[in-house]
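# Notes for the structure review
Listed here are the chains, written in short residue letters.
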Amino acid sequence: MKEILTKEMRQIQLEILRLIDKTCRENNIEYSLGGGSLLGAIRHKGFIPWDDDIDVMLRRDEYERLIDVLRVVDNDSQYKLWHYSNRPTYQPYAKLYDNRTILGKSLDHMWMGIGVHVDIFPMDVLPSDELERINFMKKMQSKAEDLVSTGFPAFVSGSKWQYAFARFFLRAPRFLRYHGKNKEIALEYDNMSQKYCHSKADEIGFLASRYFDKEHFPKVLFDEFEDTVFENLNPRKIKNHSRYLEQIFGDFMQLPPENKRVTHDFYTWYWKED
């Protein structure tokens, strides 16, 4: 198989983002670039130079609507939806990937069988009280650990063999309890995550975020959206991006030191053979 170069990979991701943007606009679904992609749009007008992925985020209700539409896309194009409703998945969010591509050998077995993709994150309502919020996020992150432990070799995934070795022992008890229950645990996670959706709580975030307690924002941030610039596209973003980016990155317009400019270079992508 032919390896996909970084320039090619980014172009594939941009085409996926173009499709997500078109789909959302046609169906009146609001979304925003998220994480490093939102930072890249504001600071670099595109990819962060040392970054190599694209993230989008939506309020839970909009996320579910987008997933429903993308199931149709999955059946009728080269783009496929990675979501527990149509294939086993091990993380509590979705991906849209290009089915002409595939992940090469990697210790991160959660993504085996899928190709170059864009991540799609649901943003759920969080309790306003700090202690209650932290406890809720800990509970949801534990449930996310249950989800990754439903499959083998997914539960021993890691970017380095040392991480994979450690996770074998740490997650083995969960695997023995939950293996084969992927869809059941994923559905439990989704149901649990919406505990506060009809409450007066005024914060929102992705509950299984690697940023953990930095991942809580005023819910009103997801009331107003606008177009932005990302490479050759004009995707959507939350209007008050500064409040979001300051929460996660601090002084987000300041470049990090060179030793902190980390890529996902432990992934290698290939074109599928004809």
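Here, every reference points to the structure presented above.
Our subject in this report is the structure included herewith. Everything numeric here is computed off the predicted structure, so don't read it as measured data.

## Side note on the nonpolar core
If you look at the biggest cluster of nonpolar residues, it comprises 64 residues, and the most contacted ones within it are L96, I120 and Y244. Top element by residues in this core is helix α1 (residues 6–26). It accounts for eight residues. L96 has contacts with I16, L19, I20, L70, Y79, K80, L81, V116, H117, V118 and I120, leaving out every residue within four places of it along the chain. By size, the runner-up hydrophobic cluster in this structure holds five residues, among which are Y84, L147, I185 and A186.

## Quick notes on the environment of G34
Its place among the elements puts G34 in the loop between β2 (32–33) and α2 (35–44). G34 sits 22 residues away from V56 along the chain, and the two C-alpha atoms are 4.9 Å apart. Non-local contacts of G34, meaning those with residues more than four positions away in its chain, are made with D55, V56, M57 and Y244.

## Looking at the packing of helix α4 (residues 130–148) against helix α6 (residues 182–193)
Contact geometry of α4 with α6 gives a least axis separation of 9 Å together with a crossing angle of 165°. One element, α4, and the other, α6, form an angle in the roughly antiparallel class. When the axes of α4 and α6 are compared, the crossing they make is left-handed. Judged by residue contacts, F136, K139, M140, K143, A144, D146 and L147 of α4 engage N182, I185, A186, E188, Y189, M192 and S193 from α6. Taken together, the residues that form the contact of α4 with α6 break down as eight nonpolar, two polar and four charged.

## Considering the packing of aromatic side chains
Per the stated rule, a full pass over the model turns up ten aromatic pairs. Aromatic pair Y211 and F249: ring centres 6.0 Å apart, planes at 75°, arrangement edge-to-face. Taken together, the positions of Y211 in the loop between β8 (203–205) and β9 (217–218) and F249 in helix α7 (residues 241–249) put the pair 38 residues apart, joining distant regions of the chain. Its relative accessible area of 22% is what places Y211 among the partly exposed residues. Judged by its relative accessible area of 30%, F249 falls in the partly exposed class. Plain terms: the ring middles of F217 and Y244 are 4.6 Å apart, the flat faces sit at 35° to each other, and that makes the pair tilted. Placement of F217 in strand β9 and of Y244 in helix α7 is noted, with a sequence separation of 27 residues between them. By relative accessible area, Y244 is classed as buried at 3%. Among the aromatic side chains, those forming a connected cluster through ring pairs are W82, Y93, F121 and F206.

## A closer look at the sheet that holds strand β1 (residues 2–3)
Across the sheet, three strands lie side by side as β1-β12-β6; this open sheet has antiparallel pairing. Since the sheet does not close on itself, it has two edges, and those belong to β1 and β6 (101–103), each with one partner. As defined by bridge partners, β1 adjoins strand β12 (residues 269–271) across two bridges and the pair is classed as antiparallel. By the bridge assignment for β12, K2 is matched with W271.

## Digging into the environment of L255
With respect to the secondary-structure elements, L255 resides in the loop between α7 and β12. With relative accessibility at 40%, the residue L255 sits in the partly exposed group. Residues L255 and R43, 212 residues apart in the sequence, show an inter-C-alpha distance of 9.1 Å. Not counting residues up to four positions away in its chain, the partners in contact with L255 are R43, H44, W50 and R261.

Procedures and definitions
Residues numbered from 1 in each chain as written. Predicted model: local features only at pLDDT ≥ 70, side-chain atom pairs only at ≥ 80, totals over all residues. Heavy atoms only, no water. Core = buried A, V, L, I, M, F, W, Y, C linked by side-chain atoms within 4.5 Å. Buried < 20%, exposed > 50% of the residue type's maximum accessible area, 1.4 Å probe, protein only. Helix = DSSP H or I, 4+ residues; strand = E, 2+ residues; numbered from the N terminus. Contact = heavy atoms within 4.5 Å. Axes fitted to C-alpha atoms, helices over the stretch in contact; angles between N-to-C directions. Parallel < 35°, antiparallel > 145°, perpendicular 65-115°, else oblique. Left-handed = near helix turned anticlockwise from the far one by under 90°. Nonpolar A, V, L, I, M, F, W, Y, C, P; charged D, E, K, R; others polar. Phe/Tyr/Trp six-rings, centres within 6.5 Å; stacked < 30°, edge-to-face > 60°. Pairing = 2+ DSSP bridges.

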